[in-house]
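Okay, here's what each chain looks like letter by letter:
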Amino acid sequence: MRTDLLLHSANELLTLAGGPQRGRRLGDLGIIPDGAVAVDRGSILAVGPSSTLRHRFQAETEIDCRDRVVLPGFVDSHTHAIWAGDRAAEFEMRLQGRTYMEILEAGGGIMSTVRATREAPTALLTDLARTRLERSLAHGTTTIEIKTGYGLDLATELRLLEVCLRLDEAGPPRVVPTFLGAHAVPEEYRGRTDKYVALVSDRMLPEVQRWWSDQAPGRPLPFVDVFCEEGVFDLDQSRRILTSALALGFPVKIHADEFVFLGGASLAADLGATSADHLLETPADEIRRLAQSETVGVLLPATPFGLHLDARPSVSAFLEADGLLAIASDLNPGTAWCESMQMTIALACRSLALTPAQAIVAATINGAAAVGLAARTGSLEAGKRADIVVLDAPDHRHLGYRFGTNLVSRVIQGGQLVI
């Protein structure tokens, strides 16, 4: 049988077959020694031993993967990849003792990036984000979620959604958009947070829905997210925004308990959110409640590393309660300018005490679940999109064990060799 592409002789082929992994099952890589994967017209035809697939298929292109690891492309399920400017000065301020929230309250932080992003032309924002996505792709990310949230006015937020669509059309990697109009309270609404919540809920969300149906007809609505945090949007304000989004047909996510516990994880479970992200200050009983839902808990180990925080989410409670756990980079200019999911895995092994196998699952099939795409990507199974990474390493444990380098030798997106 003829096919487009055959990767064969992998020292380890990590299939991650069987769907997202809950609780203590996390880490089942489905390893096929001396494995192969056949690809045709962008999709996976078969996986199995090299001897079997090389006999069964005649490929136009063959890639010899001996002494290498073949695995699904990474799914980075939480990023803020579109922005202008930088916050290097604030990084230095934090090293001198200023906290993230102190900088935000003084008009820095997110608001500093908002000012720069509002002033930047759409073409420049696209070019800047494209460079970041190219770095992500080179490090093995084939699907990436991107949030708006550095506009905080309707016109700029729609421009950021436009950039998401441009980046996805140009690809790779594949882009999953999220509307984060409730990322912070803009300066023009300082002291009037409820007014801004009403603006997001009653005007922005319906306008985004109309704009999306015109600009991306037939494509599912983007996610809607909110930063539920002390000094930003409280639990009731977050609930209002997310319930308004759900009423309009948007799927939802939430930034929860990054600095202070407010109950965002339980809100996510109650509303059926696709994911609840950060969870640094979520207590064990709330983690267990979240774990009993279908909401994916997305942990962002680069963020406390970037902020030099000792806070750690309760991973053991999550796994004991049979929860769905993913990891993501949180790529952003203020706390985690990190385009590498390999570095994210390395940090997860050290700060979250995940094994390399657990972190790989959290960065692939469970990351796909966190953006609603587990049926299409995140594992190497017949019928799924051929998003595949080849590592210049003899076994999967080198992910996590090694850091500060790029182990990727090839990236295949939708059956096409792109790196």
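Some words on the pattern of salt bridges
Pairing between side chains of opposite charge can happen when their charged atoms approach one another.
Line of reasoning, step 1. Applying the stated criterion across every chain, the model contains 25 salt bridges.
Line of reasoning, step 2. Residues aspartate 392 and arginine 68 are paired through a salt bridge, measuring 3.8 Å at the closest nitrogen-oxygen approach. You can see aspartate 392 sitting in the loop between strand 14 (388-391) and helix 16 (398-401) and its partner arginine 68 sitting in the loop between strand 4 (58-64) and strand 5 (69-72), a full 324 residues away along the chain.
Line of reasoning, step 3. When its relative accessible area of 44% is taken as the criterion, aspartate 392 is described as partly exposed.
Line of reasoning, step 4. Salt-bridge contacts for arginine 87 lead to glutamate 90; the nearest nitrogen and oxygen are separated by 2.9 Å. In this structure, arginine 87 and glutamate 90 share a single accessibility class: buried.
Line of reasoning, step 5. By sharing partners, the salt bridges in this structure join Arg118, Asp153 and Glu188 into a single network.

Regarding the side chain of histidine 398
Line of reasoning, step 1. Structurally, histidine 398 can be placed in helix 16.
Line of reasoning, step 2. Discounting residues that sit within four places of it in the chain, histidine 398 has contacts with Ala393 and Leu407.

Details of the sheet that holds strand 8 (residues 174-182)
Line of reasoning, step 1. In space, the eight strands of this open sheet follow the order 6-7-8-9-10-11-12-13, with parallel pairing throughout. Each edge of the open sheet is held by one strand with a lone partner, namely strand 6 (74-76) and strand 13 (325-327). Ignoring strand direction, the axes of neighbouring strands in this sheet form an average angle of 25°.
Line of reasoning, step 2. Pairing of strand 12 (residues 296-299) with strand 13, which is carried by three bridges, proceeds in the parallel orientation. Note on strand 13: the bridge partner recorded for valine 298 is alanine 326.
Line of reasoning, step 3. Helix-sheet contacts for helix 7 (residues 193-215) involve strand 8 and strand 9 (223-228), and the interaxial angle to strand 8 is about 150°.

Each value, and the rule that gives it
Residues numbered from 1 in each chain as written. Predicted model: local features only at pLDDT ≥ 70, side-chain atom pairs only at ≥ 80, totals over all residues. Heavy atoms only, no water. Salt bridge = Lys/Arg side-chain N within 4 Å of Asp/Glu carboxyl O. Helix = DSSP H or I, 4+ residues; strand = E, 2+ residues; numbered from the N terminus. Buried < 20%, exposed > 50% of the residue type's maximum accessible area, 1.4 Å probe, protein only. Contact = heavy atoms within 4.5 Å. Pairing = 2+ DSSP bridges. Axes fitted to C-alpha atoms, helices over the stretch in contact; angles between N-to-C directions.

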